[in-house]
Amino acid sequence: ADSDDEHSPDTEQQRVPGRVRPNEVPVATHHAPQVLTRIRIRARDGQGSHEVGHHVQKLLGIADQVEALRQRMGQGEANALQVRMELQADCFAGIWANHAEETKNIIEPGDIEEARNAASAIGDDRIQRQTQGYVVPDAFTHGSSAQRVSWFKRGYESGKLEVCDTFNADQL
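Counting restarts for each chain: residues are numbered from 1 in the order of the written sequence. At least 70 in pLDDT is required for a residue's local features to be given in this predicted model, at least 80 for side-chain atom pairs to be given and counted, and no such filter applies to totals for whole chains, interfaces and linings, which use all residues. As a rule here, side-chain values cover all heavy atoms of the structure and leave hydrogens and water aside.

(A) Region of the structure containing the overall build of the protein. Comment: elements are numbered from the N terminus, with helices defined as DSSP H or I runs of at least four residues and strands as E runs of at least two. Summing up its helical and strand segments, the protein has eight helices and zero strands in all. Taken from N to C terminus, the helices and strands of the protein fall in the order α-α-α-α-α-α-α-α. Going through the 172 residues of the protein one by one, you find that 44% of them count as buried. Considering only residue pairs separated by 6 or more positions, the protein has 72% of its internal contacts joining residues 24 or more positions apart. Accessible area is worked out with a 1.4 Å probe on protein chains only. A residue is then buried under 20% of its type maximum, exposed over 50%, and partly exposed in between. By definition, residues are in contact when any of their heavy atoms lie within 4.5 Å.

Here's what the structure looks like:
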């Protein structure tokens, strides 16, 4: 879209914290499935497979675009956008686990449950509750335990990149 159309009243969306206009942040390209299946990290290593998701975001240019957007936002909006980035990494981790299971047969019994448990253990709500005794959702940078598990599960069950568009999702 040309820049005149991009900000016209007809196409301007009301800003939801962390939500971007369609096509402002790409979901993926055709190279991502190959990248996801070449990386050999056990799914039960929830943090490792999450970092695979970030690596894919970097390769696809998503990470750089999100960082550029975050630099132009206030702290609350930047945090909300970062949550969407982290949840997409969780979803990509699920896709990786799906492809690793289907194409490489390297997922062992219990690996997926361990990955879900790892995602749950590092949700912002759980960490905040453990460290300060209360939860401040506006301070989240990675998403709640339930959100992290949900997005990993979404990627794992579908194995498709298009389900990982956290940037335009109404519900996280």
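(B) Spotlight on the confidence of the model for the protein. A residue's pLDDT is simply how confident the predictor is in it, with values from 0 to 100. Averaged over all residues, the pLDDT of the protein is 77; the fraction at 70 or higher stands at 72%. Across residues 1-45, where pLDDT falls below 50, the model places 102 contacts with residues more than four positions away in sequence or in other chains.

(C) Highlighting helix 6 (residues 111-121). Considered for burial, the residues of helix 6 that qualify are Asp 111, Ile 112, Ala 115 and Ala 119. Down the axis of helix 6, the buried set is contained in an arc of 100 degrees. They therefore lie on one face. Here the arc refers to the set of directions running from the helix axis out to each C-beta atom.

(D) Layout of the packing of helix 4 (residues 62-71) against helix 5 (residues 75-104). Axis lines are fitted to C-alpha atoms, over the contacting stretch for helices. Their N-to-C directions set the angle, which ranges from 0 to 180 degrees. Orientation of helix 4 relative to helix 5, taken along the N-to-C sense of each, is 165 degrees, at an axis distance of 9 Å. When the axis of helix 4 is compared with that of helix 5, the two are roughly antiparallel. As helix 4 runs across helix 5, the sense of the crossing is left-handed. In this structure, helix 4 contributes Ile 62, Ala 63, Val 66, Leu 69 and Arg 70 to the contact, and helix 5 contributes Ala 78, Leu 81, Gln 82, Met 85, Gln 88 and Phe 92. Nonpolar residues are Ala, Val, Leu, Ile, Met, Phe, Trp, Tyr, Cys and Pro. Charged residues are Asp, Glu, Lys and Arg, and all others, Gly as well, are polar. Among the residues forming the contact of helix 4 with helix 5, the class breakdown is eight nonpolar, two polar and one charged. For classification purposes, angles smaller than 35 degrees are called roughly parallel, those larger than 145 roughly antiparallel, those between 65 and 115 roughly perpendicular, and all remaining angles oblique. When the near helix sits turned anticlockwise from the far one by under a right angle, the crossing is termed left-handed; a clockwise turn instead gives a right-handed crossing.

(E) Representation of the state of the cysteines within the structure. Any two cysteine sulfur atoms lying within 2.5 Å of each other are counted as a disulfide. Scanning the entire structure with this criterion turns up one disulfide. Put simply, Cys 91 and Cys 164 are joined by a disulfide, and their sulfur atoms are 2.0 Å apart. Judged by the sign of its S-S torsion, about -75 degrees, the bond between Cys 91 and Cys 164 is left-handed. With Cys 91 in helix 5 and Cys 164 in the segment after helix 8 (145-158), this pair connects stretches of sequence that are 73 residues apart. For the pair Cys 91 and Cys 164, a shared accessibility class is recorded, and that class is buried.

(F) Expanded view of the packing of aromatic side chains. Side-chain rings of Phe, Tyr and Trp, where Trp is taken by its six-membered ring, are said to pair if the distance between their centres is within 6.5 Å; with planes under 30 degrees apart they count as stacked, over 60 as edge-to-face, and otherwise as tilted. Per the counting criterion, the structure on display carries one aromatic pair. When the centroid spacing of 6.3 Å and the interplanar angle of 5 degrees are considered together, the rings of Phe 152 and Tyr 156 count as stacked. Linking Phe 152 with Tyr 156, this pair stays in helix 8, spanning four residues, or about one helical turn. Seen from the ring of Trp 151, Arg 154 lies directly overhead, with NZ or CZ sitting 3.9 Å from the centre. Note on geometry: a ring has a charge over it if NZ (lysine) or CZ (arginine) is within 6 Å of the ring centre and within 35 degrees of the ring normal.

(G) Representation of the nonpolar core. The biggest cluster of nonpolar side chains holds 31 residues, and the ones touching the most others in it are Ile 62, Phe 92 and Phe 152. Elements represented by at least two residues in this core include exactly helix 3 (46-60), helix 4, helix 5, helix 6 and helix 8. At 12 residues, the largest contribution of residues to this core is made by helix 5. Only buried residues count toward a nonpolar core. Its members are Ala, Val, Leu, Ile, Met, Phe, Trp, Tyr and Cys residues joined through side-chain atoms within 4.5 Å.

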